[in-house]
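Coordinate inspection notes
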Amino acid sequence: MNTPAPVTPAPTADAVRTPASEFWRKFKRQKVALVAGVFVLLLVLVAALAPWIVPFDAENFFDYDALNTPPSAKHWFGVDSLGRDIFSRILMGARISLAAGFISVAAGAVIGTLLGLLAGYYQGWWDRIVMRMADVLFAFPGILLAIGIVAILGNGMVNVILAVAVFSVPAFARLVRGNVLSLKHQTYIEAVRSIGASDTVIMLRHLLPGTVASVVVYLTMRIGTSIITAASLSFLGLGAQPPTPEWGAMLNEARADMLNAPHVALFPSLAIFVTVLAFNLLGDGLRDALDPKLDKF
Amino acid sequence: MAVYLLKRLLGLLPTLLIVAVLVFAFVHLLPGDPARLAAGVDAGPETVELVRRDLGLDLPLPQQFVRFFSHALQGDFGLSIRSKRPVSTEIAERFGPTFFLTIAAMGWSVLLGLVLGVASAVWRNRWPDRLGMTFAISGISFPSFALGMVLMQLFSVQLGWLPTVGADTWKHYILPSLTLGAGVAAVMARFTRSSFIDILKEDYVRTARAKGLGELPVVFKHGLRNALIPVVTMMGLQFGFLLGGSIVVEVVFNWPGMGRLLVDAVEMRDYPLIQALVLLFSLEFILINLLVDVLYAVINPTIRFQ
């Protein structure tokens, strides 16, 4: 009796599912996130090219005949109380805000991920120390910790970035530790261990990739928050100082002239809002595509 | 319950101790000589020495810490460098406005957040959900200081309905509490929505529906109660956000609270005041989280017996 074996068609190119293709398949269905992602890319491009594309010098061009004038063909976003072109200042400010948001979160993510990886893998006293430090940092509400750090180090954007980075470390440490704790008892880790892989190899080659998805999602969502925190500190006068065209600092300067020139405050507000919104929407989309289990807030 | 409470309180002690050490160390991390800072710019070397001895800054560090800690326990944080008045008096005047502002913001934002979250979950992917979530994502993306300035421009300057600055009447509370609570309402809405969606998929909800219960009792009696557990935890975390956020909002509205006091203190390098405020802010946050944990244990008895 020779019944022909059922023929399975040879897998075609699209049937092969790599993590990357799987991610793209899910991500491209999220139109809003896709648009947000394109917007973020454009923003990065604009920020990188800002010094060459601004119509006027953001700090040293003063149009004394147009103080506080609303938007016009010459000055797209109007002019501030010192006669500076707001559009040029917003473009230059994008460099500062994006750099502050990205550098601080990336630094926090790298340090937090390493600490969390070690804490989750070795547990014991090291875990207790790291988690206790995280608890202590979490005991300072909101931007209070950042204000405290800036109070010690002095005002300025570099110190603000450092403060926001410190403030991001515990969140990443907790996230990664949690992931590692649930991953390390999986069979594949046991298998790697049984063929004699060292702890370093297990952590970096086998546990780390398992947590990358949630770290990337959280990082994206966190950039928005960090841009707001950095802008808040500049708004309070603790970060970038005038005449630097940082968005928060611009808003602080605009407060004095709110009555006769509200547009001076409007554009920096919108710039922060649109940028942070784009990062948040992108983060939501990445989360749905990469890590649906991550909390939705 | 008492055992649980005691265990939680004891568990807080190490965190509190480390926070106290950090706040104490703060003065020694500042650039420059704290005695010189306290004595003022035009003080001679003798005065600086006198101030140093007076503040106990000549003692060995561990002794200084014990001194700081025992004074702090009695509510004595020394004199403010700027006003020369006791730090405790300065803070006492400012505590009320911040406290009530935070409560007002928390109240409306949690309520609105719950309503939006539940509505979005029940009418998932329909217009109430889209509207609610558009509001929510905007709420977490709009910086509070910008929102405060927009609201003030619109309602106080253009329309003249509400006062701009100060904290005298209930009308003064409307704009600052709206500004402060917007972010929290947004986070609560998103969080409630996602936990409610999970709840609506549970077996007991299906059972409730299967036995012919109407949609209202299913949502409120079976759904909401269970969804509240994670939401309460979230509330605790959001309180920290509010305490931090009040710092910024108070500056926008020139609010006579602890947040503005802190910003002024940082500007003037008034370190005794900074120390006391940072300690107080984090103490408040830790206590609120404790309260939330206890509340959590009341709602969910399985926590107590672990």
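Residues numbered from 1 in each chain as written. Chains lettered and ligands numbered in written order. Predicted model: local features only at pLDDT ≥ 70, side-chain atom pairs only at ≥ 80, totals over all residues.

1. Topic: the overall build of chain B
For chain B, the count of helices and strands is 13 helices and zero strands. Each helix and strand of chain B, placed in order from N terminus to C terminus, yields the pattern α-α-α-α-α-α-α-α-α-α-α-α-α. Oriented by its inertia axes, the alpha-carbon framework of chain B measures out at about 85 × 55 × 30 Å. Buried positions account for 38% of the 306 residues belonging to chain B. Across chain B, the fraction of contacts at a sequence separation of at least 24, relative to all contacts at a separation of at least 6, is 70%. (Helix = DSSP H or I, 4+ residues; strand = E, 2+ residues; numbered from the N terminus. Buried ≥ 20, exposed ≤ 12 C-beta atoms within 10 Å, placed from the backbone. Contact = placed C-beta atoms within 7 Å.)

2. Quick look at the overall build of chain A
When you go through chain A residue by residue, the secondary structure sums to 10 helices and zero strands. The C-alpha radius of gyration computed for chain A amounts to 24 Å, which surpasses the reference 19 Å derived for 297 residues by more than 25%, pointing to a less compact arrangement than a globule. Dimensions of chain A, computed from C-alpha atoms along their principal axes, come out at roughly 95 × 55 × 30 Å. By the burial criterion, 43% of the 297 residues in chain A qualify as buried. (Rg over C-alpha atoms; globule rule 2.2 N^0.38 Å.)

3. Section: the interface of chain B and chain A
In many reports, interface size means the accessible area that the parts give up when they come together. Counting residues at the interface gives 43 residues for chain B, matched by 37 residues for chain A. Contributing elements (two or more residues each) for the side of chain B that touches chain A: helix 1 (2-29), helix 6 (127-141), helix 7 (144-158), helix 8 (170-200), helix 10 (215-252), helix 11 (258-268) and helix 12 (271-299) of chain B. The dominant element in the side of chain B that touches chain A, judged by the number of residues it contributes, is helix 10 of chain B, at nine residues. A class-by-class count of the residues in the side of chain B that touches chain A yields 32 nonpolar, nine polar and two charged. (Nonpolar A, V, L, I, M, F, W, Y, C, P; charged D, E, K, R; others polar.)

4. Some remarks on the environment of Asn289 of chain B
Residue and element names in this part refer to chain B. With respect to the helices and strands, the residue Asn289 is situated in helix 12. Note on Asn289: 21 C-beta atoms within 10 Å, which makes it buried. Taking the C-alpha atoms as reference points, Asn289 and Ala20, separated by 269 residues in sequence, lie 18 Å from one another.

5. Things to note about the packing of helix 11 of chain B against helix 12 of chain B
All names here are of chain B. One way to put it is that helix 11 packs onto helix 12 with a least axis distance of 9 Å and a crossing angle of 145°. Judged by the twist between their axes, the crossing of helix 11 over helix 12 is left-handed. Here Met258, Leu261, Leu262, Ala265 and Val266 of helix 11 lie close against helix 12, whose contacting residues are Leu273, Ile274 and Leu277. Across the contact of helix 11 with helix 12, the residue classes tally to eight nonpolar, no polar and no charged. (Axes fitted to C-alpha atoms, helices over the stretch in contact; angles between N-to-C directions. Left-handed = near helix turned anticlockwise from the far one by under 90°.)

6. Points about unusual backbone geometry
Cis geometry marks the peptide bond from Pro242 of chain A to Pro243 of chain A; its omega dihedral reads 5°. Within the secondary structure layout, Pro243 of chain A lies in the loop between helix 8 (199-235) and helix 9 (247-254). Backbone geometry places Gln123 of chain A, a non-glycine residue, at a positive phi of 50°. Inspection of the secondary structure assignment puts Gln123 of chain A in the loop between helix 3 (86-122) and helix 4 (124-138). For Gln123 of chain A, a count of 14 C-beta atoms within 10 Å puts it in the partly exposed group. The phi torsion at Asn254 of chain B lies on the positive side, around 50°, for a residue other than glycine. As for its placement among the helices and strands, Asn254 of chain B is situated in the loop between helix 10 and helix 11. Asn254 of chain B sits in the partly exposed class, given 13 other C-beta atoms within 10 Å.

7. Structural notes on the nonpolar core
Core analysis: the largest hydrophobic core is formed by 151 residues, its most contacted members being Ala146 and Ile147 of chain A together with Leu277 of chain B. Beyond its immediate chain neighbours, meaning those up to four positions away, Ala146 of chain A contacts Ala163, Val164, Phe167, Thr229 and Leu233 of chain A. (Core = buried A, V, L, I, M, F, W, Y, C linked by C-beta atoms within 7 Å.)

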